[in-house]
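Read off the chains here:
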Amino acid sequence: MALTVAALRTLLRAAASAPTARFSSPSSLLQPHSLSGPGFLCHCKLMRNVSSRRKADHLERTINNFRQEMIAQAKVCGIVHESETVKRLRLAVMNKDFTFKAGQWVDFFIPGISKVGGFSICSSPGQLEREGVMELAVKYSKHPPAHWIHSQCEIGSEVTLRVGGDFFFDPRPSDSPVDLLLVAGGVGINPLYSILLHAADLHRLQGTEHCKYKPGSVQLYFSAKNMEELLFKRNIINLAKEFSGKISCHFHVTQQSSEVPEEILPYITVGRISEDTLAHVSKDNLCYICGPPPMIESVSQQLEKLGVPKESIFFEKWW
């Protein structure tokens, strides 16, 4: 039977002080929360204050977030090195009823490892529907789930997934068109890339019986240390070319030392995303931000100065 929130808090404290603890099953860990509201629902969740001796783990940070009831088995069917520090996993999901919304994350359960990973999905719901596959891009760290992905995970490895998160873009057929602004920092691109891919799918399906919603335009601003860390950059550029006038992309690099390839140069700006960068943003945009907390706070303040209502600024803080 699922634990109450109070019981889960006790379990989390015990697990943190006892590294050898093992969870009997994913379904015993989390009490699902109901999710309601409009199709564009997205809550801004701040990290809770925790002891300075350790960082809050995924379960603690997301204890009050929505989670699906479904627990699904998945098998690793592809591994791609996106950069020197990031691996992208392709996961074949066994349960055909498994779904997610663009921008959400998964609880990532690994057999024999007590810590539960939390990774944003970087593929579109449409890909899952078409191929039965979803993707995660995970940066190397010593945190056990991420370390396992970079050191032990291989084709055929089996894991368990559970979808959660209140940060997503999921318009209903009756919703009015809306223009999106996506602002990403580092690996914060993951949920925004999922939203971008979903928007591209909606554009492809526009006017068909499969899509009654009329999508608006999408502007992506993506900042990273250097070009190597601009994940998915070539795919993003290809989407901007395919949907010229509907999708645009702007890359920012803060510590680029090598020469930028000619085909990418028109999309690159040296320096951080600034107030001047966003000066053209309409107050009618829906704005999604994901990245380091200082970047999120800075961009949020800039958007508010430009007249964007707080209720139209959505963000995800994970570290």
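What counts and how
- Residues numbered from 1 in each chain as written.
- Predicted model: local features only at pLDDT ≥ 70, side-chain atom pairs only at ≥ 80, totals over all residues.
- Heavy atoms only, no water.
- Helix = DSSP H or I, 4+ residues; strand = E, 2+ residues; numbered from the N terminus.
- Buried < 20%, exposed > 50% of the residue type's maximum accessible area, 1.4 Å probe, protein only.
- Contact = heavy atoms within 4.5 Å.
- Areas by Shrake-Rupley, 256 points an atom, 1.4 Å probe, with all protein chains shown as cover.
- Core = buried A, V, L, I, M, F, W, Y, C linked by side-chain atoms within 4.5 Å.
- Phe/Tyr/Trp six-rings, centres within 6.5 Å; stacked < 30°, edge-to-face > 60°.
- Pairing = 2+ DSSP bridges.
- Axes fitted to C-alpha atoms, helices over the stretch in contact; angles between N-to-C directions.
- Parallel < 35°, antiparallel > 145°, perpendicular 65-115°, else oblique.
- Left-handed = near helix turned anticlockwise from the far one by under 90°.
- pLDDT = per-residue confidence, 0-100.

Draft legend 1. Spatial organisation of the overall build of the protein chain. A count of helices and strands for the protein chain gives seven helices and twelve strands. Looking at the protein chain as a whole, 52% of its 319 residues qualify as buried. In the protein chain, of all internal contacts separated by at least 6 residues, the share reaching a separation of at least 24 is 74%. As displayed, the protein chain has an accessible area near 15,200 Å², and 50% of this comes from carbon and sulfur atoms.

Draft legend 2. Fine view of the nonpolar core. Grouped together as the largest cluster of nonpolar side chains are 45 residues, with contacts concentrated most on Ile189 and Tyr288. Elements with a minimum of two residues in this core: strand E7 (180-185), helix H5 (189-205), strand E8 (218-224), helix H6 (233-242), strand E9 (247-253) and strand E11 (286-290). For this core, the element with the most residues is H5, which contributes nine residues. Residues Val76, Phe119, Leu136 and Val163 belong to the second largest nonpolar core, which totals 24 residues.

Draft legend 3. Representation of the packing of aromatic side chains. Following the criterion strictly, the structure yields seven aromatic pairs and no others. Measuring from ring centre to ring centre gives 5.5 Å for Phe167 and Tyr288, while their planes differ by 85°; the resulting arrangement is edge-to-face. Taken together, the residues span a long stretch of sequence, with Phe167 in the loop between strand E6 (158-164) and E7 and Tyr288 in strand E11 at a distance of 121 residues. In this structure an aromatic cluster arises from ring pairing among Phe167, Phe169, Tyr288 and Phe314.

Draft legend 4. Main features of the sheet that holds strand E3 (residues 105-109). As summarised here, the arrangement of the six strands in space is E4-E3-E6-E1-E2-E5, forming an open sheet in which the pairing is antiparallel. At either margin of the open sheet sits one strand with a lone partner, and together these are strand E4 (117-120) and strand E5 (133-139). Neighbour-to-neighbour, the strand axes of the sheet open up by a mean angle of 40°, direction not taken into account. Pairing between E3 and E4: four bridges, direction antiparallel. What sits directly across from Asp107, in E4, is Gly118. Packed onto the sheet, helix H4 (residues 144-151) meets strand E2 (86-93), E3, E4, E5 and E6 and runs at close to 105° relative to E5.

Draft legend 5. Just unusual backbone geometry, in detail. Positive phi outside glycine occurs at Phe232, with the angle close to 65°. You can see Phe232 is positioned in the loop between E8 and H6.

Draft legend 6. Summary view of the packing of H5 against H6. Relative to each other, H5 and H6 sit at 30°, their axes nearing to 11 Å. Here H6 runs roughly parallel to H5, going by the angle between their axes. Considering how the two elements wind past one another, H5 and H6 form a crossing that is left-handed. Residues Ile189, Tyr193, Leu196, Leu197, Ala200 and Arg204 of H5 lie in contact with H6, whose contacting residues are Asn235, Ile236, Leu239 and Glu242.

Draft legend 7. Summary view of the environment of Lys101. Here Lys101 lies in the loop between E2 and E3. Between the C-alpha atom of Lys101 and that of Gly126, which follows or precedes it by 25 residues, the distance is 9.8 Å. Excluding residues that lie within four positions of it along the chain, Lys101 makes contacts with Pro125, Phe168 and Asp170.

Draft legend 8. Here's a closer look at the sheet that holds E9. The strand order across the open sheet formed by six strands is E10-E9-E8-E7-E11-E12, and the pairing between neighbours is parallel. Each edge of the open sheet is held by one strand with a lone partner, namely strand E10 (268-270) and strand E12 (313-316). With direction set aside, neighbouring strand axes in the sheet form an average angle of 15°. Across five bridges, E7 lies against E11 in parallel orientation. Pairing of Ala184 across the sheet is with Cys290, part of E11. Helix-sheet contacts for H6 involve E8 and E9, and the interaxial angle to E9 is about 145°. Against the sheet, helix H7 (residues 293-305) makes contact with E7, E11 and E12, and its axis sits at roughly 160° relative to E11, the strand it touches most.

Draft legend 9. Examining the pairing of E3 more closely. In terms of burial, E3 is largely enclosed, as five of its five residues are buried. Residues Trp105, Asp107 and Phe109 of E3 are buried on one face, and the alternating residues Val106 and Phe108, pointing to the opposite face, are buried as well. Two elements, E3 and E6, share five bridges in a ladder whose sense is antiparallel. Bridge pairing in E6 links Asp107 to Arg162.

Draft legend 10. Structural view of the confidence of the model for the protein chain. Summary statistics for the protein chain give a mean pLDDT of 85 and a share of 82% for residues scoring 70 or more. Note on residues 1-25: pLDDT is under 50 here. Beyond four places in sequence and across chains, it has 30 contacts. Throughout residues 30-52 the model reports pLDDT below 50, and contacts reaching past four residues in sequence, or to other chains, amount to 69 contacts.

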